[in-house]
Amino acid sequence: IDLLQNTDSFIIQQQIRWAEAITQGCIEEKNRYHVYDKEKNSKIMVIKEESPSWSRCCCKPTHSLFAEFYHVEGEDDIA
């Protein structure tokens, strides 16, 4: 939370999971999101989904998940 207090606005960008994209969702993968400081164009956080495969397939889009937040410093500018 302290990390976001220093940020006026941010962008959340979902990482493309190519197996899921190519198969149009037939192969479900855990989602990963990159959070960027909008003013500085720098990555400040990565969010990784943790959920069972069967839940992502059978219960989408309302499946439950556990999200892990990872702090990063200035990696990868917004593409």
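Before reading on, note that the structure itself is shown above.
Residues numbered from 1 in each chain as written. Predicted model: local features only at pLDDT ≥ 70, side-chain atom pairs only at ≥ 80, totals over all residues. Heavy atoms only, no water.

A. Geometry of the packing of aromatic side chains. What the rule picks out here adds up to 0 aromatic pairs. A cation over a ring is seen here: Lys-48 above Tyr-70, with NZ or CZ 4.8 Å from the ring centre. (Phe/Tyr/Trp six-rings, centres within 6.5 Å; stacked < 30°, edge-to-face > 60°. Lys NZ or Arg CZ within 6 Å of the ring centre and 35° of its normal.)

B. Structural detail: the pattern of salt bridges. Taken as a whole and judged by the stated rule, the model has 1 salt bridge. Between Glu-50 and Lys-30 there is a salt bridge, and its shortest N-O distance comes to 3.1 Å. Within this pair, whereas Glu-50 is found in strand S3 (residues 42-50), its partner Lys-30 is found in the loop between helix H2 (18-22) and strand S2 (32-37), the two being separated by 20 residues in sequence. Relative accessible area serves as the criterion here: at 31%, Glu-50 is assigned to the partly exposed category. Classification of Lys-30 as partly exposed rests on a relative accessible area of 33%. (Salt bridge = Lys/Arg side-chain N within 4 Å of Asp/Glu carboxyl O. Helix = DSSP H or I, 4+ residues; strand = E, 2+ residues; numbered from the N terminus. Buried < 20%, exposed > 50% of the residue type's maximum accessible area, 1.4 Å probe, protein only.)

C. Quick peek at a nonpolar patch on the surface. There is a patch of nonpolar side chains on the surface, built from Ile-16, Trp-18 and Ile-22 and spanning about 390 Å² of accessible area. Along the chain, the position of Ile-22 falls in helix H2. Its relative accessible area of 65% is what places Ile-22 among the exposed residues. (Patch = residues over 30% accessible without salt bridge, like charges linked within 9 Å, V, L, I, M, F, W, Y side chains within 5 Å. Areas by Shrake-Rupley, 256 points an atom, 1.4 Å probe, with all protein chains shown as cover.)

D. Local environment of the pairing of S2. Pairing between strand S1 (residues 10-14) and S2: 5 bridges, direction antiparallel. Residue pairing in the sheet places Phe-10 in a bridge with Asp-37 of S2. Sheet topology places S2 next to S3; 6 bridges connect them, and they run antiparallel. Directly across from Asp-37, in S3, lies its bridge partner Ser-42. Between S2 and S3, which pair antiparallel one after the other, the connecting turn spans 4 residues, and Asn-41 there sits at a positive phi close to 55°. (Pairing = 2+ DSSP bridges.)

In short, geometric facts, not functional conclusions.
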